[in-house]
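Next come the chains, spelled out residue by residue.
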Amino acid sequence: MTSPVSHHEIRDRFSRAMSAMYQDEVPQYGALLELVAEVNQETLHNDPGLAERLAAHDEMNRLGVERHGAIRVGTPEELSMLRRLFAVMGMFPVGYYDLSEAGVPVHSTAFRPVEDEALARNPFRVFTSLLRLELIESVELRERAAEILARRDIFTPGARELIELSERQGGLTSEQADRFVSEALETFRWHQDATVDLDTYEALHGEHRLIADVVCFRGPHINHLTPRTLDIDEVQRRMPAAGITPKEVIEGPPRRDCPILLRQTSFKALEEPTRFVGERQGSHTARFGEIEQRGVALTPKGRALYDRLLTESRQRTAGLANQAHQQVLGEVFQAFPDSHGELRRQGLAFFDYRLTEAGREAGLVAETDLEVLIEQGLVSARPITYEDFLPVSAAGIFQSNLGGDQNQAYAGNANREAFEASLGATVTDELALYARREQGSIEAVMAVLSDAG
Ligand code: OOG
Ligand code: NI
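Residues numbered from 1 in each chain as written. Chains lettered and ligands numbered in written order. Predicted model: local features only at pLDDT ≥ 70, side-chain atom pairs only at ≥ 80, totals over all residues.

Looking up the protein chain in an unreviewed UniProt entry gives the name 2-oxoadipate dioxygenase/decarboxylase, with the organism given as Halomonas halmophila. Its UniProt record, at the heading Sequence similarities (unreviewed entry), says of the protein chain: "Belongs to the 2-oxoadipate dioxygenase/decarboxylase family." (UniProt positions renumbered as here; feature names shortened; annotations may be inferred.)

Q: Lay out helix α8 (residues 157-169) with the relevant residues and their values.
A: Because the α-helix completes a turn every 3.6 residues, residues three or four places apart line up on one side. Across its 13 residues, α8 extends 18 Å between first and last C-alpha, which sits within 8% of the 18 Å expected from 1.5 Å per residue. All buried positions along α8 are accounted for by Ala159, Leu162, Ile163 and Ser166. For α8, the angular spread of the buried residues around the axis is 105°, confining them to a single face. Exposed residues lying more than 90 degrees from the buried face of α8 are Pro157, Glu164, Arg168 and Gln169. Looking one or two residues beyond α8, the residue adopting positive phi is Gly170, at roughly 80°. (Helix = DSSP H or I, 4+ residues; strand = E, 2+ residues; numbered from the N terminus. Expected span 1.5 Å × (residues − 1). Buried ≥ 20, exposed ≤ 12 C-beta atoms within 10 Å, placed from the backbone. Arc of directions from axis to C-beta.)

Q: Can you lay out the site of ligand 1 for me, pointing to particular residues and giving the numbers?
A: As a matter of local geometry, ligand 1 sits amid Ala70, Arg72, Phe127, Ser129, Asn223, Gln264, Glu290, Phe389, Ser393, Ala394, Ile397 and Phe398. Elements that contribute at least two residues to the shell around ligand 1 include exactly β2 (67-73), β5 (125-131) and α18 (391-402). A total of four residues in the shell around ligand 1 trace back to one element, the largest contributor, which is α18. (Near = placed C-beta within 6 Å.)

Q: Tell me what's going on with the confidence of the model for the protein chain, and back it up with residues and numbers.
A: Overall, the predicted model of the protein chain reaches an average pLDDT of 93, with 98% of residues at or above 70. Interface scoring of the predicted complex returns ipTM 0.99; its pTM is 0.95. (pLDDT = per-residue confidence, 0-100.)

Q: Tell me about the sheet that holds strand β11 (residues 280-285), residues and numbers included.
A: With respect to topology, three strands assemble into an open sheet ordered β7-β10-β11, the strand pairing being mixed. The strands lining the two open edges of the sheet, one partner per strand, are β7 (193-197) and β11. The mean angle between the axes of side-by-side strands here comes to 45°, regardless of whether they run parallel or antiparallel. With two bridges connecting them, β7 and strand β10 (residues 271-277) associate as parallel partners. Looking at the pairing, Asp197 lines up with Val277 of β10. Sheet strands in contact with helix α10 (residues 198-207) are β7, β10 and β11, and its direction is about 90° off that of β7. (Pairing = 2+ DSSP bridges. Axes fitted to C-alpha atoms, helices over the stretch in contact; angles between N-to-C directions. Contact = placed C-beta atoms within 7 Å.)

Q: Describe the packing of α8 against helix α9 (residues 174-187), listing the residues and the values that go with them.
A: Relative orientation of the contacting elements α8 and α9 amounts to 135°, with a least axis distance of 8 Å. When the axis of α8 is compared with that of α9, the two are oblique. Crossing of α8 against α9: the hand is left-handed. Seen from α8, the contacting residues are Gly158, Ala159, Leu162 and Leu165; seen from α9, they are Gln176, Arg179, Phe180, Glu183, Ala184, Glu186 and Thr187. For the contact of α8 with α9, the residue count by class is five nonpolar, three polar and three charged. (Parallel < 35°, antiparallel > 145°, perpendicular 65-115°, else oblique. Left-handed = near helix turned anticlockwise from the far one by under 90°. Nonpolar A, V, L, I, M, F, W, Y, C, P; charged D, E, K, R; others polar.)

Q: Describe in detail the sheet that holds strand β4 (residues 106-112), supporting the description with residues and values.
A: If you trace the five strands from one edge of the open sheet to the other, you get β3-β4-β5-β2-β8, paired in mixed fashion. Strands at the two margins of the open sheet, each flanked by one partner only, are β3 (92-98) and β8 (224-227). The average undirected angle you get between the axes of adjacent strands in this sheet is 20°. Alignment of β4 against β5, held across six bridges, turns out to be antiparallel. Each bridged residue has a counterpart across the sheet, and for Phe111 the counterpart in β5 is Val126.

Here it is, written out as structure tokens:
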């Protein structure tokens, strides 16, 4: 093959193409992008320290291009082919999310780049859910849904060919990559025409709106795209003036000096005219917009504390509007240390350790305690950004866009093995990725400072 392009280049082209298509399909998403860019710019202007940190941590480049999207598929074949499609772009399944507990009959993973340089280049991720037909109670409906799904092919012949070509050649040329992007895009496009009649749609919808969304259309339309903001509270506040109706509360942890994990909010899904088989008109709500603000990745110990505090806050926040909700969350999260030093010393968050200039000039030193080395100015510690998702928040996003409160838990619980069997691969444990990155950075620092080098 002559001059292949990198997987990262293909991912970058694809994420731009997706964003352009979605702006075209959902004009409110374009308005949201403008608002986010405006607030990001103001935030950087008002906080030069933040701007410096982002630049130093290689995060400034990605800020403008960063986004995630979400899709839902119906069968193991669809999921495993998607795995191969995303691999062409250097995106791999990371994490397993069970949403059945929150009353959403799916389980999910996120396809995303894994390596540092890949994330810095373009961290595009796609939250991908597989419908769990086995959770549908009515046998008749379950069989009906399976039958409908078995009849569709969500990939174009061109996409299938180019995926195989990429696997055979170990990559694509620039021209092939462009064709791949436009063929792949077809899988995620919105279709106004349902593949079923209105009665079938309504029967599936009655079982769960999500089932109708997955089963009744030609493909897994991208249901939202999510730019990254540096100040989610401000974007939420300004949404109404920009003509966008936000979901009631921001999901995730409260505002803090040292942001942790992920905060998210979205705008309500649009009601879209839909044509059903038999020429009947109806509508379907599927697509929305979302924003996210990312903070530091937590260790298992930090995550346990987060989960505990979130659970503790749930009763107290139930039914509250966003401002009051955030206030209560803030109070409960007083118990979560809010300085990088404490997060490190208590082993709550992951950091990337580097030698400072003084550290590089220091030669060999006897000290091996990282905290002391940091105090001495020889080593610096940067928070590692959380690149993944949160099941409770994801359930909140699903729910607000499915409308109503169908949040009765399903009896069938997490089933990672079944998901991996459908995927045709294991999912990478996200915590192991952060731990490996932190450990690697410590070893690199120590190799230079101590005799080990
Ligand atoms: C996915 C919702 C979850 C997130 O950011 O947590 C999600 C969906 O609605 O398909 O995108
Ligand atoms: Ni999302």
